[in-house]
Amino acid sequence: LKAAQNPNSRTPGCAYYSRSGGGTPAPGILRTQGVIAMSDRTTDNEAMLQEIVQNTEMGKNTLDEMMGLTRDQQLKDEMLRQKREYRRINQAAHTALDAIGAQARGQSAAARMSVSMGIRTRTMMDKSTRNLATMLAEGTGQGVLDCKRAESDYPFASPGARKLMQELCDFQTHAESTWREFV
């Protein structure tokens, strides 16, 4: 975070902090002489919950896309189990966003299309359980990294948002090792 003097503030010691590091302050991120303003917690809280929504939607959409590619019933059963857990965490994040008056911004159409094209390309010649499980382990591993990144990017998120993010991270860590068992 980089500090920039708030040009609209009459309060000495007020600074805006920008994650981008640019000269333009991020709207609503205000810190006053070491005291965390309410907008910090709200901004970090909403951002972390949005990360959870996007991460879980990526998981659900990927599993939907890949479920039709396998005939392995054990793999399908595990996909369904994990999809239910992604849905549960996603709904909890939506509920939390509603409670703070924020609109959930899920995965963009471009991101969904990119995932779909990537899956089709990597499974064109090989729809084996081993290949699908490898792809799922890689994707889940990326999800874990995204969780860790969000935890450090939004330090002022509420305990509830942080707990939900940790729950998602723990679930994905376990899921990654489960997919590796299929390899």
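As shown above, the structure is provided for reference.
Along each chain, residue indices are assigned from 1 in the same order as the chain's sequence is written. In keeping with the model being predicted, local features are shown solely for residues with a pLDDT of at least 70 and side-chain atom pairs are shown and tallied solely at 80 or more, while totals for entire chains, interfaces and linings include all residues. Calculation of side-chain values draws on the structure's entire complement of heavy atoms; hydrogens and water are dropped beforehand.

A. Representation of the environment of E151. Counting from the N terminus, the helices are DSSP H or I runs at least four residues long and the strands are E runs at least two residues long. Secondary-structure assignment places E151 in helix α4 (residues 129-153). Accessibility here uses a 1.4 Å probe with only protein chains present; expressed as a share of the type maximum, an area under 20% marks a residue as buried, one over 50% as exposed, and anything in between as partly exposed. Among the residues examined, E151 registers a relative accessible area of 16% and is labelled buried. As a C-alpha pair, E151 and E51 span 100 residues in sequence and 9.9 Å in three-dimensional space. Once residues lying within four places of it in the same chain are set aside, the contact partners of E151 are M48, R162, M165 and Q166. Any two residues whose heavy atoms approach within 4.5 Å at even a single point are treated as in contact.

B. Focus on the packing of α4 against helix α5 (residues 159-182). Every axis in this analysis is a line fitted to C-alpha atoms, fitted for helices over the stretch in contact. Angles between the N-to-C directions lie between 0 and 180 degrees. Contact geometry for α4 and α5: axes closest at 8 Å, N-to-C directions at 160°. Between α4 and α5, the crossing angle belongs to the class labelled roughly antiparallel. Note that α4 runs across α5; the crossing there is left-handed. In these notes the angle categories are as follows: under 35 degrees is roughly parallel, over 145 is roughly antiparallel, 65 to 115 is roughly perpendicular, and the rest is oblique. Left-handed describes a crossing whose near helix is turned anticlockwise from the far helix by less than a right angle; the clockwise case is right-handed.

C. Layout of the side chain of E57. In this fold, E57 is placed in helix α1 (residues 38-67). Nearest to the buried, unbridged E57 among oppositely charged side chains is K60, at 5.2 Å. In protein, a polar contact requires one atom able to donate a hydrogen and another able to accept it; more generally it is a pair of N or O atoms within 3.5 Å, and residues adjacent in sequence count only if both atoms are side-chain atoms. Here Q107 takes part through its backbone nitrogen, which lies 2.9 Å from a polar atom of the side chain of E57. Leaving out residues up to four positions away in the same chain, E57 has contacts with N90, H94, G106 and Q107. His is not counted, nor are the chain ends, whereas Lys and Arg count as positive and Asp and Glu as negative. When a carboxyl oxygen of Asp or Glu is within 4 Å of a side-chain nitrogen of Lys or Arg, the pair counts as a salt bridge.

D. Molecular detail of the side chain of T62. Mapped onto the secondary structure, T62 falls in helix α1. Under the relative-accessibility criterion, T62 is labelled buried at 17%. A distance of 2.8 Å separates a polar side-chain atom of T62 from the backbone oxygen of M58. What T62 contacts, discounting residues up to four positions off in sequence, is V115, I119 and L136.

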